[in-house]
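Residues per chain are reported as follows:
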Amino acid sequence: MIKEFIGTGKTIDEATLAAKTGLNAPMTADVKIEVVAMPKKKILGLFGGSDAQVKASYDDGKKERKPKPKKSKPAVQEKKPVQKKPEAQKKAPVREKHEPEKVNDGDIDLDYVCAYLKTMIDSFKVEDAKISARINDGVVEVDIECDDYGIIIGRRGETLDALQYLTSLAIKKATDKYVRVTLNVGNYRAKREETLKALAIKNANYVVRTGRRYSFEPMNPYERRIIHTAVQEVEGAVSRSVGSGMDRKVLIEPVGGVRNSGGRGGRRTGARSSYSPAKPDPNREKKVDRADIPKFGKIEVSKD
């Protein structure tokens, strides 16, 4: 292995002596001397100048050992404790969104329901309204008795449906349960149901007879369900709901699709008319152009 040392001095001899001293080679070693840099004198004895540099080296006869690359140990990953899977538990049945819950008599304060509804009806200036509530098969049924049914029912039952919806929200807020609520006044619900059934059967038969579709006016889900149930009793007719939101309605169609009307209302396809304008008759006397005739007849003027 080659060992070397660089010595410095003002002269070559001083640098060589410094290099040998620093190398500290044995007496039998073959020391080689190499001048690296010559000394430079200072300009005017003040600026610049540098010392001489000499390199002394020798071979000690030993082979140079190359350092072995250190093997990087793989990072030890901590083993996470294996968590035991919990025993299979019976999952509670998942209830669909907005699916009403069945309640018992003690789950809902019916007096609160009647008082809440009475407050809203009094705002309509309806006098002597009597309200009673009960729970029947998990459904809160509320009956209203008063003299003026029209104000509470509203147009096509819209006001009654709104009161029913607000009452269900009040019960949900008080009990944190979604409960189905039905409001009835003057036996309106039963009469409306019979009317809708009659209309559904009548129009379903019309659809089967004519092969055309029939569309009802927009209805709430409760009334659409009545229409769908009634149409199922008519063979050859099917019903489906179309639209969205407040405009959702029931459409009745014949089984197999709507039939063509056979060209009704279309253009007639009979023979074309053979009418053609009459040709002028050459023997006919030509009409006199009355624009050239004076208004009071022809006036002859004497040349005398």
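Residues numbered from 1 in each chain as written. Predicted model: local features only at pLDDT ≥ 70, side-chain atom pairs only at ≥ 80, totals over all residues. Heavy atoms only, no water.

Give a detailed account of the packing of aromatic side chains, specifying residues and quantitative values.
Summed over the entire model, instances satisfying the criterion amount to 2 aromatic pairs. Between Tyr 214 and Phe 216, the ring centres sit 5.1 Å apart and the planes meet at 85 degrees, which makes this aromatic pair edge-to-face. Under the relative-accessibility criterion, Tyr 214 is labelled partly exposed at 29%. By relative accessible area, which is 7% here, Phe 216 ends up buried. (Phe/Tyr/Trp six-rings, centres within 6.5 Å; stacked < 30°, edge-to-face > 60°. Buried < 20%, exposed > 50% of the residue type's maximum accessible area, 1.4 Å probe, protein only.)

Which residues make up the environment of Val 36, and what are the values?
Topologically, Val 36 is positioned in strand β2 (residues 32-37). In this structure, the C-alpha to C-alpha distance between Val 36 and Ile 6, residues 30 residues apart in sequence, is 8.4 Å. If sequence neighbours within four positions are ignored, Val 36 has contacts with Gln 53, Val 54 and Lys 55. (Helix = DSSP H or I, 4+ residues; strand = E, 2+ residues; numbered from the N terminus. Contact = heavy atoms within 4.5 Å.)

Just give me the short version of the layout of surface pockets, but keep the residues and values in it.
The space that makes up the largest pocket amounts to roughly 1,400 Å³. Asp 161, Gln 164, Asn 220, Pro 221 and Tyr 222 are the residues nearest the centre of the largest pocket, which is lined by 41 residues in total. Per-element tally for the lining of the largest pocket: the top contributor is helix α4 (residues 158-175), with 7 residues. When the residues that make up the lining of the largest pocket are grouped by side-chain class, the tally is 15 nonpolar, 9 polar and 17 charged. (1 Å grid on protein atoms, 1.4 Å probe; cavity = no way out; pocket = protein on both sides within 12 Å on 5 of 7 lines; lining within 4 Å. Points joined across faces, edges and corners; volume = space filled by probe spheres on them. Nonpolar A, V, L, I, M, F, W, Y, C, P; charged D, E, K, R; others polar.)

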